[in-house]
Amino acid sequence: MASEDVKRSESAVSTIVNLAEEAKLASEGVKAPSHALLSICKSLVAGGVAGGVSRSAVAPLERLKILLQVQNPHSIKYNGTFQGLKYIWKTEGFRGMFKGNGTNCARIIPNSAVKFFSYEEASKGILYLYRQQSGNEDAQLTPFLRLGAGACAGIIAMSATYPMDMVRGRLTVQTEKSPRQYRGIFHALSTVLREEGPRALYKGWLPSVIGVVPYVGLNFAVYESLKDWLIKSKPFGLVEDSELGVTTRLACGAAAGTVGQTVAYPLDVIRRRMQMVGWKDAASVVTGDGKSKAAIEYTGMVDAFRKTVRYEGFRALYKGLVPNSVKVVPSIAIAFVTYELVKDVLGVELRISD
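Quick caveat, the model's predicted, so the values are computed rather than measured.

A word on the overall build of the protein chain
Then, number 1: When helices and strands are counted, the protein chain shows eleven helices and two strands.
Then, number 2: Going residue by residue from the N terminus, the α and β elements of the protein chain occur as α-α-α-α-α-α-α-β-β-α-α-α-α.
Then, number 3: A burial count over the protein chain gives 49% of its 354 residues as buried.
Then, number 4: Long-range pairs, those at least 24 residues apart, make up 77% of the contacts in the protein chain with a sequence separation of at least 6.

Encoded structure:
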């Protein structure tokens, strides 16, 4: 009898333990989706904040870059970084330095949020496939695989927010003397839709996508690879306790931005020029005084390349490179570091290095 009682007690205890474990697993199963959703939201917020902060910090240089890219070669108004900034300040004041920045932030915040999140998810997917193929569960992403993940993230983010980029370009180049004024983002969007049709919102999309593959891909690949190399080799005492300081991370971001934008810059110039096609006041807008010797017309990306090089020379493909370099180096650096710092503050585990 005693032994039977003991057996019954053990059985009861075992049942209770099993039920407790099942309840715990069920509870975790219920909580997991909400936890995952919260993590996704925090990741998107961190990416959005990073984009807004980094782009606002260099807004005057961003506007000057676009003006240099699209200005009519027969009526030069902006001739270099310092002269261009002085001219904008003199003719349009402080507000002119940040013209189009609201639209730019409205575009870059969701773009940056989608880009960083897409990179994390693409990295996880590519790493999983790489480990399955190689049979090595400890394998890590190579620079080439990071380039692929960054390219995927760039294409997704660019495509999702391209109409905003298109109207931002037009808002940025108009001046006080322009005969036609867009009053804001939604007015520009509705005007383009009404006068040029929905396809106009994606003018220049192809060179943008082609350009974003090396640009965003190299940004992530160079940044992550540099970080990994510094952590593993620990040169010049830059690494302490397997952590990089803010200054070192900024330097990694600056190097990444420099490499990416130099490779992709000609495609950015062509994209901006194609975005002006179909805008009947574009010629007068980019010259600033209504004088123009030739209409702005391109039949496609290849035609835009051919005409730009034929009439303005190969150097025209790098118009605005100096202010863009001065802008991109700190902008990319600030974006990467801000993203990581915001995620730390929000308590989200960083995954882009995994």
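Following the structure, the description resumes.
With respect to the packing of aromatic side chains
Then, number 1: In total, this model carries eleven aromatic pairs according to the counting rule given.
Then, number 2: Look at Phe-314 and Tyr-318: their rings are 6.1 Å apart centre to centre, the planes differ by 50°, and that puts the pair in the tilted class.
Then, number 3: On the basis of relative accessible area, Phe-314 is assigned to the exposed category, the value being 55%.
Then, number 4: Ring-pair connections join several aromatic residues into one group, and the members of that group are Phe-116, Tyr-119, Phe-220, Tyr-223, Phe-336 and Tyr-339.

What about the confidence of the model for the protein chain?
Then, number 1: Taken residue by residue, the protein chain gives an average pLDDT of 79. The fraction at 70 or more is 78%.
Then, number 2: Of all secondary-structure elements in the protein chain, the lowest mean pLDDT belongs to helix H9 (residues 282–287), at 47, while helix H4 (residues 101–134) reaches the highest, 89.
Then, number 3: Throughout residues 23–32 the model reports pLDDT below 50, and contacts reaching past four residues in sequence, or to other chains, amount to zero contacts.
Then, number 4: Within the model, the stretch residues 350–354 combines pLDDT values under 50 with 20 contacts to residues more than four positions away or in other chains.

Considering the environment of Val-53
Then, number 1: With respect to the helices and strands, Val-53 occurs in helix H1 (residues 2–57).
Then, number 2: You can call Val-53 partly exposed: its relative accessible area is 41%.
Then, number 3: Residues Val-53 and Ile-109, 56 residues apart in the sequence, show an inter-C-alpha distance of 9.0 Å.
Then, number 4: In this view, Val-53 contacts Ile-334 and Thr-338; residues no more than four positions away in its chain are not counted.

Some remarks on the packing of helix H7 (residues 205–233) against helix H8 (residues 246–276)
Then, number 1: Where H7 meets H8, the axes come as close as 8 Å, and the angle between the chain directions of the two elements is 170°. Taken together, H7 and H8 sit at an angle that is classed as roughly antiparallel.
Then, number 2: The residue makeup of the contact of H7 with H8, split by class, is 18 nonpolar, eight polar and three charged.

What to know about the pattern of salt bridges
Then, number 1: This model, assessed by the stated rule, comprises 16 salt bridges.
Then, number 2: Lys-65 is the salt-bridge partner of Asp-268, the closest N and O atoms lying 3.1 Å from each other. Residue Asp-268 is located in helix H8, and its partner Lys-65 is located in helix H2 (residues 59–70); the two are separated by 203 residues in the primary sequence. Here Asp-268 matches Lys-65 in class, with each residue buried.
Then, number 3: With a shortest N-O distance of 3.3 Å, Asp-303 and Lys-307 are connected by a salt bridge. Residue Asp-303 and its partner Lys-307 are located together in helix H10 (residues 301–312), separated by four residues, close to a single helical turn.
Then, number 4: Using a relative accessible area of 24% as the deciding quantity, one classes Lys-307 as partly exposed.
Then, number 5: Taken together, the shared-partner salt bridges in this structure form one network comprising Glu-62, Lys-65, Asp-165, Asp-268 and Arg-271.

Structural notes on helix H5 (residues 143–173)
Then, number 1: Along its 31 residues, H5 runs just 37 Å from first to last C-alpha, ending more than 12% under the 45 Å computed at 1.5 Å per residue.
Then, number 2: At Thr-161, H5 shows its largest bend, some 65°, and a proline, Pro-163, comes one to four positions later.
Then, number 3: With respect to burial, H5 is a largely interior element, 22 of its 31 residues being buried.

A closer look at H4
Then, number 1: An ideal rise of 1.5 Å per residue puts 50 Å on 34 residues; H4 measures up with 46 Å between its terminal C-alpha atoms.
Then, number 2: At the C-terminal side of H4, Gly-135 shows a positive phi close to 75°.

Digging into the nonpolar core
Then, number 1: With 34 residues, the main nonpolar core has Phe-116, Val-167, Leu-189, Val-192, Phe-220 and Phe-336 as its most contacted residues.
Then, number 2: Contributions of two or more residues to this core are made by H1, H4, H5, helix H6 (185–196), H7, H8 and helix H11 (321–346).
Then, number 3: Here the element with the most residues in this core is H5; it accounts for eight residues.

Details of the environment of Val-212
Then, number 1: By the element assignment, Val-212 lies in helix H7.
Then, number 2: Here the alpha-carbon distance between Val-212 and Gln-261, two residues 49 residues apart in the chain, equals 9.4 Å.
Then, number 3: With sequence-adjacent residues up to four places away left out, Val-212 is seen in contact with Gly-154, Ile-155, Met-158 and Gly-217.

Side note on the packing of H2 against H8
Then, number 1: Contact pair H2 / H8: the axes reach a minimum separation of 9 Å and the direction vectors enclose 75°. The angle between H2 and H8 falls in the class roughly perpendicular. Taking contact as the criterion, the partners of Glu-62, Lys-65, Ile-66, Gln-69 and Val-70 in H2 are, on H8, Tyr-265, Asp-268, Val-269, Arg-272, Arg-273 and Met-276.
Then, number 2: Of the residues in the contact of H2 with H8, the class split is five nonpolar, one polar and five charged.

So, how was this worked out
- Residues numbered from 1 in each chain as written.
- Predicted model: local features only at pLDDT ≥ 70, side-chain atom pairs only at ≥ 80, totals over all residues.
- Heavy atoms only, no water.
- Helix = DSSP H or I, 4+ residues; strand = E, 2+ residues; numbered from the N terminus.
- Buried < 20%, exposed > 50% of the residue type's maximum accessible area, 1.4 Å probe, protein only.
- Contact = heavy atoms within 4.5 Å.
- Phe/Tyr/Trp six-rings, centres within 6.5 Å; stacked < 30°, edge-to-face > 60°.
- pLDDT = per-residue confidence, 0-100.
- Axes fitted to C-alpha atoms, helices over the stretch in contact; angles between N-to-C directions.
- Parallel < 35°, antiparallel > 145°, perpendicular 65-115°, else oblique.
- Nonpolar A, V, L, I, M, F, W, Y, C, P; charged D, E, K, R; others polar.
- Salt bridge = Lys/Arg side-chain N within 4 Å of Asp/Glu carboxyl O.
- Expected span 1.5 Å × (residues − 1).
- Bend = angle between axes of the 7 residues up to and from the residue.
- Core = buried A, V, L, I, M, F, W, Y, C linked by side-chain atoms within 4.5 Å.

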